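# Analysis of the macromolecular model
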Amino acid sequence: TQLLEQSPQFLSIQEGENLTVYCNSSSVFSSLQWYRQEPGEGPVLLVTVVTGGEVKKLKRLTFQFGDARKDSSLHITAAQPGDTGLYLCAGARGSARQLTFGSGTQLTVLP
Amino acid sequence: ETGVTQTPRHLVMGMTNKKSLKCEQHLGHNAMYWYKQSAKKPLELMFVYNFKEQTENNSVPSRFSPECPNSSHLFLHLHTLQPEDSALYLCASSHVKWGATRNEKLFFGSGTQLSVL
């Protein structure tokens, strides 16, 4: 069982649609990060959330940290082909000094 | 361009070969990391260096040998690998070692896609 479960594993949508991907755990996290990884590249950090209930917006992307700091979601409005990539969440429990990554959601946005 | 450069981008090697992966960061960071990314599996942390000193080794087999001559360069020496070691090997850096703050950002290179035949 993975510490961070991401769902769905794969998602293919049409340009202009909205979508939400999830990152869930049974453990409490002191912080959680979201990364996007494009084909042939390394992950790039999108956002860090640290407070339960926190909402951060990055253009058409909205990130939310659950009130209990056990889960997070990423909502994309009006998806574009440039949003295609592997979305990874990563977090640290309590005083843990290592980031734990989820397996990711592979998003494909079709033109 | 993330400021972290990895070479080579692709590597094919036999099980008896010896090769090295190189990572260089131009960000003035003090911590560097090696991660392994296999298909359908989460990123696995392999090694962490902080100010050139190794601080983490996540039970990595001895056929993987890291080297950090200075804060800007990180190597991963490979010898007698197995086919299951085929994966994308990612290098990352951060200003300070992750965990010192909750907001520390990791900057990743593009990775080396390794195939072991």
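Because the structure is a prediction, the values reported are computed rather than measured.

## Quick notes on the state of the cysteines
Disulfides are covalent bonds that link the sulfur atoms of two cysteine residues. As enumerated under the stated definition, the model contains two disulfides over all chains in all. One disulfide in the model links Cys23(A) with Cys89(A); its S-S distance is 2.0 Å. Residues Cys23(A) and Cys89(A) share a disulfide whose torsion about the S-S bond is about 75 degrees; that sign makes it right-handed. Remark: Cys89(A) occurs in strand S9 (residues 85–93) and Cys23(A) occurs in strand S3 (residues 19–24); sequence separation between them is 66 residues. In terms of burial, Cys23(A) and Cys89(A) fall into one category: buried. Between the sulfur atoms of Cys23(B) and its disulfide partner Cys91(B) the distance amounts to 1.9 Å. Here the S-S torsion is close to -70 degrees, and the disulfide linking Cys23(B) with Cys91(B) is therefore left-handed. Residue Cys23(B) is found in strand S3 (residues 18–25), and its partner Cys91(B) is found in strand S9 (residues 87–94); the two are separated by 68 residues along the sequence. There is no split in this pair, since Cys23(B) and Cys91(B) are both buried. The cysteine Cys68(B) is free of any disulfide, with Cys91(B) supplying the nearest cysteine sulfur at 9.0 Å.

## A look at the environment of Lys41(B)
With respect to the element layout, Lys41(B) can be found in the loop between strand S4 (31–37) and strand S5 (44–50). Polar contacts involving the side chain of Lys41(B) include one to the side chain of Glu44(B), which spans 3.5 Å.

Criteria and cut-off values
- Residues numbered from 1 in each chain as written.
- Chains lettered and ligands numbered in written order.
- Predicted model: local features only at pLDDT ≥ 70, side-chain atom pairs only at ≥ 80, totals over all residues.
- Heavy atoms only, no water.
- Disulfide = S-S within 2.5 Å.
- Helix = DSSP H or I, 4+ residues; strand = E, 2+ residues; numbered from the N terminus.
- Buried < 20%, exposed > 50% of the residue type's maximum accessible area, 1.4 Å probe, protein only.
- Polar contact = N/O pair within 3.5 Å; in protein donor to acceptor, adjacent residues only side chain to side chain.

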